[in-house]
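Understanding the architecture of this molecule
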Amino acid sequence: MRQHIGLIALVVHDYDEAIGFYRDQLGFELVEDTDMGGGKRWVVVRPMGAAETSLLLAKAADARQSATVGAQTGGRVFLFLNTDDFARDYAAFTARGVRFVREPVEEPYGMVAVFEDLYGNRWDLIQPRGD
């Protein structure tokens, strides 16, 4: 049996501002943006070169969902963006205005820094040892 996680839903306030951040600041590709009617869209982004896991940008539909935007993991790191060149991506993200909340450090598992997306979700930018 072979399985993988295909999509991770990320609750956002606005489709277009979220697309702008992920495409323009992180350099992700917009895989799909389909109008589903009634103001709902199927919006999928993923890192350039990614093969399996993508993000489904899901617009909050009510007050309860809106309250989770930026806090889907209660302030912990939510997503882990692996890279094959930490220095390149750290420099590019910094130049594009991505806000790092923890500076780069060498950990036993690799080089890592923590940044926030446009809503405050925390991400690890990580180059695992051996990459």
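Not measured: the values here are computed from a predicted model. (Residues numbered from 1 in each chain as written. Predicted model: local features only at pLDDT ≥ 70, side-chain atom pairs only at ≥ 80, totals over all residues. Heavy atoms only, no water.)

1. Points about the nonpolar core
Note that soluble globular proteins tend to have their nonpolar side chains buried in a common cluster. Core analysis: the biggest nonpolar cluster contains 29 residues, and Tyr22, Leu55 and Leu57 have the highest contact counts within it. Those elements giving two or more residues to this core turn out to be strand 1 (7-12), helix 1 (15-25), strand 3 (40-46), strand 4 (54-59), strand 5 (77-82), helix 3 (86-95), strand 7 (110-116) and strand 8 (122-128). Here this core takes five residues from helix 1, the largest share from any one element. The residues touching Leu55, leaving out its near neighbours within four places in the chain, are Leu7, Ile8, Leu10, Tyr22, Phe28, Val43, Val44, Val45, Leu79 and Trp123. (Core = buried A, V, L, I, M, F, W, Y, C linked by side-chain atoms within 4.5 Å. Buried < 20%, exposed > 50% of the residue type's maximum accessible area, 1.4 Å probe, protein only. Helix = DSSP H or I, 4+ residues; strand = E, 2+ residues; numbered from the N terminus. Contact = heavy atoms within 4.5 Å.)

2. Brief notes about the sheet that holds strand 7
Pairing in this open sheet of four strands is mixed, and the strands run 5-8-7-6 from one edge to the other. In the strand order of this sheet, the two ends are held by strand 5 and strand 6 (99-107), each with one partner. With direction set aside, neighbouring strand axes in the sheet form an average angle of 20°. Two elements, strand 7 and strand 8, share seven bridges in a ladder whose sense is antiparallel. In the strand pairing of strand 8, Val114 is matched with Asp124. (Pairing = 2+ DSSP bridges. Axes fitted to C-alpha atoms, helices over the stretch in contact; angles between N-to-C directions.)

3. Quick notes on the UniProt feature "domain: VOC" (unreviewed entry) in the protein
In the numbering used here, UniProt assigns the feature "domain: VOC" (unreviewed entry) to residues 4-128. Across residues 4-128 one finds 22% helix and 46% strand; the C-alpha atoms that close the span lie 20 Å apart. (UniProt positions renumbered as here; feature names shortened; annotations may be inferred.)

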